[in-house]
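Structural description and commentary
Letter by letter, the chains look like this.
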Amino acid sequence: MRRWRRFTPAQRIGRALTYVLAAVAVVWSLRTIEVIPEFLYDAPEQTADLFRRMWPIDWAFWGEMVAEALVETFHTATLGTIIALVLSVPVALLAARNVTPSATLNLLAKFILVSSRSVNSLIWALLFVAIFGPGALAGTLAIAFRSIGFVGKLLAEALEEMPRGPLEALVAAGAPRPSILLKGYWPQVEPSFWSVALFRWDINIRESAVLGLVGAGGIGVALDTALNNLYWDQVGLCLLVIFAVVVATEIATSAIRSRII
Amino acid sequence: MDRRVSAAARTPFPANWTVRALWTALALYVLYACGILDVSWDRFLRGLDNGDRFLRRMFPPDLSAQKLDLLRVGMLESMQIAVLSTAAGIVLSLPLGLLAARNLMPGWVSWTARGAIALCRSFHPVITAILFVKAVGFGALAGVLALIVASMGFISKLFAEAIEEMSLRQVEAVRATGAGFFNVLVMGVFPQVIARFIGFCVYQLDSNLRNSTMVGIVGGGGIGATLFTAYQRFDYDFVLTILLAIIAVIMVAEVVSAQLRKAFQ
Amino acid sequence: MSAALAIRNLRKEYRAGVPVLRDVSLEVGGTGMTAIIGPSGTGKSTLIRCINRLVDPTAGEILFGGQDLARLKGRALRKARRRIGMVFQEYNLVERLSVIENLLCGRLGYVPVWRAWLRRFPPQDVARAFDLLDAVGLGDFATRRADALSGGQRQRVGIARAIMQDPELVLADEPTSSLDPKTSVEIMELLARLARERGIPVVVNIHNVELAKRFAERIVGMSQGAIVFDGAPSELRESDLLAIYGGEGWIDA
């Protein structure tokens, strides 16, 4: 009677290893994580308390702080995204193997992109607040520096995956480098560029909202103030506003995507 | 021959006024926003000066044994937060994603599930971390819970989309054999979407590792707490050490996750 | 010969007032192949799909194994479907599964979920699967992924999957429409032979009249949702074909 072997021996070992590794990781994490039982039992009561204190929402806070802060958040996100787009282009060009043949430059550029991505915008904000002082400047730069890695990586990938045909034609015609970049690479990468830009802008609006927690301007500052005062009804308003902004941005980006991209 | 061909049809590169207007608007906006945010060249230059001093205080990174120990504990905790939140997030996202698929579920079920997913995605993990800190206290548990919510928002959404893009004909054939709902899922639906699902999970593990470095700033445990403490104490050389460690770990994680995703293609 | 399947006054309207099937009545005997022919849009596919309820009829009865299939729901419907195998025009194999896994899908109506999940199907099912693979000429293809097969090979797997159910009836919805002429003949021949060997009646929906005449014992011609011809292939005359197809279009079927 013939046996059905679903996986080759090599595959079986691989699968078993993966499961074991995953199990070990989870068990180890569970054991070392500290859970204070009293806090856990308290949790439902605490949560109920939280919601009770958030209602009724303090609408007055809108006029006091939130409206201005919202505008600041919007500009931080948008300006930060624009700066990132501008700065990420040269880095992406350096990182793409087909644009820049030098392996050292590729590596350097890729390192810049990874570092930018690895550090959270919140942490970037901490650094920039230390350098430039609290306020929207720190926030804008934090958004910009974090986004360079995101946009740059996707751009570099788009550049590397580009079909060579049109580029070869330009080279064969004797076009100088800048012309090849402008007329050969740019038209092909343009749709991806705008799509990525829109995607990142959406994410940046969410990120800008929290940067104020470390002093980098925007709604986060209002949120931070409210939290420090333990005015949960003001916190409630901030959360509501953030939620509304996120929804509005999603609607806006879907609309732009379906019409233009 | 029609000689009244318009001049515009003859020009090879007619000026696109809409695009030009958009670029001009963009440039004007940048100037306007810079004004509103008080982003002036002056401030920037002063900041650079400050930045120079700041960077000097960061170099060289603090590599003393005591600090390295703190670093190790913090990074390990971050990794644990990432592992647990991804594991729990995967387990919860599987049913949630299924329930949100409009081609598998009745309307009211899928819309409720989609609402839940949208809620999970609305708030930045930092904000949910703050709320969980209030609910369960400071520490890694709050961070884990916050990232579980973030994971569910991401994985379930993409999973539901993958299911909605699958071939219904293959599923129809399995149903025609008399298989029950779960058998149809196991042999008809999952084989089509599992590769992509694993891809999303690996990506989320990576993302959770990044986010776990930050939830500590608001009390959610992990290296973020260590970083924030060092920052507030002006221990900038230790801050640099931590940053370098974070970059290194995430670089490794990215490479590993890229390989894993390729292996499951 | 007792009727394996009796369809009475079947009616299907996708849009109210526009019937695709008009009071169709048909009895299918216990063995042999019945071919339904007719132009596109005439309701052949709808008729076939109503039998195993992939499409729900608007009115009428479908009597099979002592039950009215048109009324069944839930578990009862699934149990009934187990006894009816189906072959599809586009094969509808689960492409990312291996050939043998696709075959074993035929037994899904009989195995619990945990067996399907862990792929621990009963040994006799696995053995039957191998035998069926041999019978369709794909003995060495058990662990190949379904999307690595050619169209003809995939349809053979599709036929084997249907037979795996050990069905009392096999339905085939345009099984050769996606295949080249030579492979089409091979597939029809395979289907006819396997069904005959196991004594399973087959109802095929096909638009190639030549194939229908060559392999079926009975031809049912449909036009505009109603049956206009029912008899042996030898009885099929040009006038009948004209009534069915309304023109000379059947020549290039």
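See the structure printed just above.
Details of the overall build of chain C
- Scanning chain C from N- to C-terminus turns up nine helices and 10 strands.
- Dimensions of chain C, computed from C-alpha atoms along their principal axes, come out at roughly 55 × 40 × 35 Å.
- Counting only residues that meet the buried cut, chain C has 46% of its 253 residues in that class.

Observations regarding the overall build of chain A
- A tally of regular secondary structure across chain A gives 10 helices and zero strands.
- Each helix and strand of chain A, placed in order from N terminus to C terminus, yields the pattern α-α-α-α-α-α-α-α-α-α.
- Computed over its C-alpha atoms, the radius of gyration of chain A comes to 25 Å, more than 25% above the 18 Å expected for a compact globule of 261 residues.
- Dimensions along the principal axes, computed over C-alpha positions, put chain A at roughly 70 × 70 × 40 Å.
- Taking all 261 residues of chain A together, the buried fraction comes to 39%.
- Counted over contacts in chain A with a minimum sequence separation of 6, partners at least 24 positions apart contribute 72%.

A few points about the nonpolar core
- Counting residues in each nonpolar core, the largest one holds 228 residues, and the members touching the most others are Ala125(A), Phe128(A), Cys238(A) and Leu103(C).
- Broken down by element, this core gets its largest block of residues, 18 residues, from helix 7 (residues 140–164) of chain B.
- Mapped onto the domain boundaries, this core takes at least three residues apiece from domain 1 (7–57) and domain 2 (61–263) of chain B.
- Here Ala125(A) is in contact with Ala138(A), Gly139(A), Ala142(A), Leu211(A), Val214(A) and Ala216(A), once residues within four sequence places are set aside.

Some thoughts on the sheet that holds strand 4 (residues 59–64) of chain C
Residues and elements named next belong to chain C.
- Strand order in the open sheet made by the four strands is 2-1-4-5, with antiparallel pairing throughout. Sheet topology places strand 2 (18–29) and strand 5 (67–68) at the edges, where each strand pairs with a single neighbour.
- Note: strand 1 (residues 3–15) against strand 4, five bridges, orientation antiparallel. Within strand 4, the residue paired with Ile7 across the bridge is Ile62.

Some points on unusual backbone geometry
- The linkage connecting Trp55(A) with the following residue, Pro56(A), adopts the cis geometry, with an omega of 0°.
- Within the element layout of this structure, Pro56(A) appears in the loop between helix 2 (37–54) and helix 3 (60–95).
- With an omega of -15°, the peptide bond running from Phe59(B) to Pro60(B) counts as cis.
- For Pro60(B), the location among the structural elements is in the loop between helix 3 (41–58) and helix 4 (65–99).
- Not every positive phi belongs to a glycine, and Asn9(C) is a case in point at roughly 50°.
- The residue Asn9(C) is located in strand 1 in this model.
- Residue classification places Asn9(C) among the partly exposed residues on the basis of 13 C-beta atoms within 10 Å.
- Phi at Asn92(C) is positive, roughly 50°, even though this residue is not glycine.

Each value, and the rule that gives it
Residues numbered from 1 in each chain as written. Chains lettered and ligands numbered in written order. Predicted model: local features only at pLDDT ≥ 70, side-chain atom pairs only at ≥ 80, totals over all residues. Helix = DSSP H or I, 4+ residues; strand = E, 2+ residues; numbered from the N terminus. Buried ≥ 20, exposed ≤ 12 C-beta atoms within 10 Å, placed from the backbone. Rg over C-alpha atoms; globule rule 2.2 N^0.38 Å. Contact = placed C-beta atoms within 7 Å. Core = buried A, V, L, I, M, F, W, Y, C linked by C-beta atoms within 7 Å. Domains from an automatic or database assignment. Pairing = 2+ DSSP bridges.

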